[in-house]
Amino acid sequence: MSKLNRIYFAAFFFFACLLFFPLNILAETIEATVKITTLAPSTIEVRGRNISADVRQKERNFSFLQNYAGIENLAERISQVALFDERASKIDYRKLSSGEYLAESNFSEWSYQINAAAPKNESAKAHVSFIDGEQGILMLGDLLPINVVENDNRETLKITFELPSDWKIVSNEKKISERVFEIADVEKAVFYIGKNWREKEIDISGDQVKFLIFGERQFSDAEAFAMAEEIYAFYKNLFGAEPNQKALIYLSKFSSAQSHGRWEAETRGSNVTIFSAEMPFKTQSLQRLHEQLRHEIFHLWMPSRLNFSGNYDWFYEGFALYQSLRVGVTVNRLRFEDFLDTLARAHTIDNLQSRKISLIEASKNRWNGANTQIYARGMLVAFLCDALILQKSKGKNSLSDVFREIYQKHKLPAPRQDGNTAILQILESREELRPITENYVKNARAIDWRTTLETIGIESVEENFQTKLKAKEKPNGRQKDLLDRLGYNNWRKLRKVQNENQ
Ligand SMILES: [Zn+2]
């Protein structure tokens, strides 16, 4: 699952600087070099300097990201920190804790080393920088000091990479020359480095999607590329985005063999990173890949292009999960029964939560045990919203209209807003959704969906604390229409079209 956790740092000192310096002086103020010094063990040396040192006269703290997406002690990888003033004289500092340093006077240049060995927990590979053999992922959010990461929209960073000569580097960032990039949003910048991957640039009505595949798979590259194209085109149509967007998809394999079916992914900005293990059979592996791409490609729009602040993970995770199921049914990659089974499992999980907290609260505590609840309850809320909109509009509208409205109103460069407030406002503008947001998003009431299920022709049975769902055997006309809108008859319809075309 994606664990995109937005880190939002306020750059207070910078507002003060803006009072004294005209904007044009601030263009491109930081230069950094990221150099791979050794490959075994993987070590990176980072050097940087603030070109307009005045901006940072008051800056004496030097610190690094500690935790991300539940992965802890990241700053322990940092060593050999050195700080310098503008005359290149060394500045003394105190190490307050791992990744936290306090300089004795102002500094404008810095260098340090990073142990970039692959994380022991393989799941972390989708979320943090590492180099492993001939593949590496460099994520500037954990590679650079926080004071560089946090200034993302106000200063430009020019970064140079020194890599083994036969390695490639691929990124969505603006390329100035070979291995030199200009970064606008440091926190979201990702670089894929290494050799021996396969790649394809796919044009989807004016959008460029680059897909890199690392490692041998049961399915062919062409099958994976075609899948990404189909899913991207589906969402592009759903959200109604402009052309000329760029996206990168990186698919790699877990190295350990005993992890059938496991996968871990993150969408950061316009970069999708997926690590997965094979399933016993090729058809299952392909089905899994489809599921991964449906979920992660959704994130390229939400939350990546929404200008929201705060923790609204319940929405972009729960609703991504639900929408991914809906797309699966629509394009006939998922049976309607499996769609219902997934919803039923989420209901069982939600029922079994001993400590019920609202989705708003759960989103604040995502990495402290609330992650499962966000996905399960978030998905159920999305389903209920979809069902109620379908019912109220007699099948004319659906949750897709809500997605489109949120995206069109809040996509960049719309002004930054609190995500929870903006989303709740749009959901609550539909009268039928008010009880849902009140009971299940803002409060932690047990989900009672019997009436809604009945109106759309689905039966629910609870046995031994397990929820089971199935479509009614004899739905009435109205129920039949709504079931069809949810994709109940898709499989049959497709078969009919195929037969007619033969
Ligand atoms: Zn996700």
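Attention in this report is confined to the structure presented alongside it.

Rules of the game
Residues numbered from 1 in each chain as written. Predicted model: local features only at pLDDT ≥ 70, side-chain atom pairs only at ≥ 80, totals over all residues. Heavy atoms only, no water. Helix = DSSP H or I, 4+ residues; strand = E, 2+ residues; numbered from the N terminus. Buried < 20%, exposed > 50% of the residue type's maximum accessible area, 1.4 Å probe, protein only. Pairing = 2+ DSSP bridges. Axes fitted to C-alpha atoms, helices over the stretch in contact; angles between N-to-C directions. Contact = heavy atoms within 4.5 Å. Nonpolar A, V, L, I, M, F, W, Y, C, P; charged D, E, K, R; others polar. Donors = N, O, S within 2.8 Å, 3.2 Å for Na, K, Ca; no water. Phe/Tyr/Trp six-rings, centres within 6.5 Å; stacked < 30°, edge-to-face > 60°. Lys NZ or Arg CZ within 6 Å of the ring centre and 35° of its normal.

1. Description of unusual backbone geometry
The linkage connecting methionine 302 with the following residue, proline 303, adopts the cis geometry, with an omega of 10 degrees. Here leucine 412 and proline 413 are connected by a cis peptide whose omega angle stands at 10 degrees. Mapped onto the fold, proline 413 is located in the loop between helix 10 (399-410) and strand 22 (417-418). Phi at alanine 69 takes a positive value of approximately 50 degrees, unusual for a residue other than glycine. Locating alanine 69 in the fold gives a position in the loop between strand 3 (61-63) and strand 4 (78-84). The class of alanine 69 is buried, set by a relative accessible area of 5%. Located in the positive-phi region is asparagine 464, a residue other than glycine, with phi close to 45 degrees. By the secondary structure assignment, asparagine 464 is in the loop between strand 23 (458-463) and strand 24 (466-471). Exposure remark for asparagine 464: the relative accessible area of 70% places this residue in the exposed category.

2. Describing the sheet that holds strand 2 (residues 42-50)
Picture the strands of a sheet paired through backbone hydrogen bonds; they go either parallel or antiparallel. If you walk across this open sheet you meet the eight strands as 5-4-8-2-1-11-14-13, and the pairing is mixed. In this open sheet, the two strands that pair with only one neighbour each are strand 5 (90-91) and strand 13 (174-177).

3. What to know about the packing of helix 11 (residues 419-428) against helix 12 (residues 434-442)
Between helix 11 and helix 12, whose axes approach to 8 Å, the crossing angle comes to 145 degrees. Counted together, Leu424, Leu427 and Glu428 of helix 11 and Arg434, Thr437, Val441 and Lys442 of helix 12 form the full contact between these two elements. Residues belonging to the contact of helix 11 with helix 12 are distributed by class as follows: three nonpolar, one polar and three charged.

4. Re the coordination of the zinc ion
Reference values for angles at a metal are 109.5 degrees in the four-donor tetrahedral case and 90 or 180 degrees in the six-donor octahedral case. Coordination sphere of the zinc ion, protein contribution only: His295 (NE2), His299 (NE2) and Glu317 (OE), at 2.0 to 2.1 Å. Of note, the zinc ion draws all its donor residues from one chain, in the sequence arrangement H-x3-H-x17-E. Residue histidine 299 is found in helix 5 (residues 282-299), and its partner glutamate 317 is found in helix 6 (residues 313-330); the two are separated by 18 residues along the sequence. For histidine 299, a relative accessible area of 1% translates into the label buried.

5. Things to note about the packing of aromatic side chains
Going through the model one piece at a time under the given rule, you end up with 38 aromatic pairs. Relative to phenylalanine 339, the ring of tyrosine 322 has its centre 6.0 Å away and its plane inclined at 45 degrees; by these criteria the two rings are tilted. Linking tyrosine 322 in helix 6 with phenylalanine 339 in helix 7 (residues 336-352), this pair joins segments that are 17 residues apart in sequence. The pair formed by tyrosine 322 and phenylalanine 339 is uniform in burial state, with each residue classed as buried. Their ring planes at 40 degrees and their centres at 5.4 Å tell us that phenylalanine 336 and phenylalanine 339 sit as a pair that is tilted. Of the two residues, phenylalanine 336 and phenylalanine 339 are both situated in helix 7; the distance of three residues between them amounts to about one turn of the helix. Residue classification places phenylalanine 339 among the buried residues on the basis of a relative accessible area of 0%. Through a chain of ring-to-ring contacts, three or more aromatic side chains come together here, namely Tyr232, Phe234, Tyr235, Phe239, Phe298, Trp301, Trp314, Phe315, Phe319, Phe403 and Tyr407. The ring of tryptophan 301 carries arginine 305 above its face, with NZ or CZ at 5.2 Å from the centroid.

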